Amino acid sequence: MRVLVVEDARSLAEVLAEGLRDQGMAVDIAHDGLAATVKLDLNPYDVVVLDRDLPGIHGDTLCQMITERDDRAMVLMLTAAGSPGDRVSGLTLGADDYLAKPFHFPELVLRVRALARRRPSARARTLRAAGIELDPVRRTATRDGRRLELSVKEFAVLEALLRASPAFLSTEDLLEQVWDENADPFTNTVTVTVGRLRRKLGTPSIITTTPGVGYRITDPTDEA
């Protein structure tokens with residue numbers, strides 16, 4: 001899942017981004033409305049966590065711009081104004097959810113995940129392929145009923161591959177979906193993470209690597 005945090009309070013933006021990354025999300029940050037529009041043009045996002053009172057382009061205007069896009073992200077609007085009238089006006093602008101400051105971070109995480117599931121292109125909550133069952137909400141994964149103990153990044157890579165299955169995901173695709181815009185495109189972090197994930201998944205291997213193409217989930221029983 002890829003999230004854009006648009007918040008002009010830099011310390012809060014960093015806290016939100018690091019907290020969401022700890023939950024296995026790829027997170028980018030914009031500190032004003034203009035910077036956000038640039039990132040929205042460059043990257044596909046599942047959810048935008050949007051502060052309402054922004055410099056450059058106001059959050060209300062940016063929210064309307066997002067909702068008018070063909071492949072729009074879901075919008076969670078944040079604001080210090082939490083009266084019922086404020087919530088109604090925010091939702092009227094096209095926001096998909098509304099959270100008043102101050103808020104509890106676990107609630108924000110739940111709302112972000114719920115919005116990602118509601119996105120039109122989102123799939124069923126539990127992902128299944130090749131004996132794997134992965135629940136992104138409960139953060140659980142099993143293979144043939146055996147619970148998998150995965151790191152945050154390993155879980156996110158497996159989730160991305162399952163969502164794409166049976167298609168391939170390139171190294172660049174995984175960097176974009178699991179890490180974020182700050183990831184070094186020349187790093188071997190994807191190779192290392194996939195290697196660790198393969199070992200934890202056990203045998204027979206269900207992650208196929210095709211040089212120059214990428215990685216995908218394959219079911220060994222289909223090749224028998």
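Quick caveat: nothing in here was measured; it's all calculated off a predicted structure.

### Quick look at the pattern of salt bridges
Summed over all chains, the structure comprises 19 salt bridges. With a closest N to O distance of 4.0 Å, Arg2 and Glu176 form a salt bridge. Here Arg2 is found in strand β1 (residues 2-6), whereas its partner Glu176 is found in helix α7 (residues 171-178), with 174 residues between them in sequence. Classification of Arg2 as buried rests on a relative accessible area of 4%. Glu176 sits in the partly exposed class, given a relative accessible area of 30%. Measuring nitrogen to oxygen at the nearest pair gives 2.4 Å for the salt bridge that ties Asp96 to Arg72. Within this pair, whereas Asp96 is found in the loop between α4 (84-92) and β5 (97-100), its partner Arg72 is found in the loop between α3 (59-67) and β4 (74-79), the two being separated by 24 residues in sequence. By relative accessible area, which is 21% here, Arg72 ends up partly exposed. Bridged by salt links that share partners, the residues Arg2, Asp28 and Glu176 form one connected network.

### Thoughts on the side chain of Arg119
Here Arg119 lies in the loop between α5 (105-118) and β6 (127-129). Only 3.5 Å separates the side chain of Arg119 from the backbone oxygen of Tyr45, close enough to count as a polar contact. Polar side-chain contacts of Arg119 include one of 3.0 Å to the side chain of Asp71. Not counting residues within four places of it along the chain, the set of residues in contact with Arg119 comprises Tyr45, Asp46, Asp71, Arg72, Ala73 and Met74.

### What about the pairing of strand β8 (residues 140-143)?
Going residue by residue along β8, you find Ala141 and Arg143 tucked away on one face and Thr140 and Thr142 left uncovered on the opposite face. Sheet analysis places strand β7 (residues 132-135) next to β8, joined by 4 bridges and oriented antiparallel. Bridge pairing links Ile132 to Arg143 in β8. Taking the residues that link successive antiparallel strands as the turn, the β7-β8 hairpin has 4 residues, and the phi of Arg139 there is positive, at about 60°. Counting the residues between successive antiparallel strands, the hairpin from β8 to strand β9 (residues 146-147) contains 2 residues, one of them, Asp144, with a positive phi of roughly 50°.

Rules and cut-offs
- Residues numbered from 1 in each chain as written.
- Predicted model: local features only at pLDDT ≥ 70, side-chain atom pairs only at ≥ 80, totals over all residues.
- Heavy atoms only, no water.
- Salt bridge = Lys/Arg side-chain N within 4 Å of Asp/Glu carboxyl O.
- Helix = DSSP H or I, 4+ residues; strand = E, 2+ residues; numbered from the N terminus.
- Buried < 20%, exposed > 50% of the residue type's maximum accessible area, 1.4 Å probe, protein only.
- Polar contact = N/O pair within 3.5 Å; in protein donor to acceptor, adjacent residues only side chain to side chain.
- Contact = heavy atoms within 4.5 Å.
- Pairing = 2+ DSSP bridges.

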